[in-house]
Amino acid sequence: MRRKNPKIKNLPDLPSPCTGICSMDTQNLFCRGCFRTRNEIGGWVLMTNVEKMDVLKEIRQRRRESRLSEKLP
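As a starting point, this report considers the structure included with it. (Residues numbered from 1 in each chain as written. Predicted model: local features only at pLDDT ≥ 70, side-chain atom pairs only at ≥ 80, totals over all residues. Heavy atoms only, no water.)

### With respect to helix α3 (residues 49-71)
Phase 1: Between its first and last C-alpha, α3 extends 33 Å over 23 residues, near the 33 Å set by a 1.5 Å rise per residue.
Phase 2: Along α3, the residues that are buried comprise N49, K52, V55, I59, R62 and S66. (Helix = DSSP H or I, 4+ residues; strand = E, 2+ residues; numbered from the N terminus. Expected span 1.5 Å × (residues − 1). Buried < 20%, exposed > 50% of the residue type's maximum accessible area, 1.4 Å probe, protein only.)

Shown next as structure tokens:
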């Protein structure tokens, strides 16, 4: 079970990670600019800060994986 972090809960609303480069990658099903899925983009305003932090962690992982796949021959 994950413990809730009261510091995250009391933060001001986290801003969207949108970069303004809005183009969906049809193979991986996430935005090429912000690396969010359609559901994550559409649901961002309804998410709690804890949920947003989870999405931000996923985004970091997707970016890493994307960079690694670009380096492969």
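On we go from here.
### Digging into the environment of Q61
Phase 1: By secondary structure assignment, the location of Q61 is in helix α3.
Phase 2: The class for Q61 is partly exposed, based on a relative accessible area of 33%.
Phase 3: Taking C-alpha positions, Q61 is 9.4 Å from F35, a pair spaced 26 residues apart along the chain.
Phase 4: Side-chain polar atoms of Q61 contact the side chain of E65, separated by 2.9 Å. (Polar contact = N/O pair within 3.5 Å; in protein donor to acceptor, adjacent residues only side chain to side chain.)

### Examining the packing of aromatic side chains
Phase 1: Applying the stated criterion across every chain yields a total of one aromatic pair.
Phase 2: The ring of W44 carries R36 above its face, with NZ or CZ at 5.3 Å from the centroid. (Phe/Tyr/Trp six-rings, centres within 6.5 Å; stacked < 30°, edge-to-face > 60°. Lys NZ or Arg CZ within 6 Å of the ring centre and 35° of its normal.)

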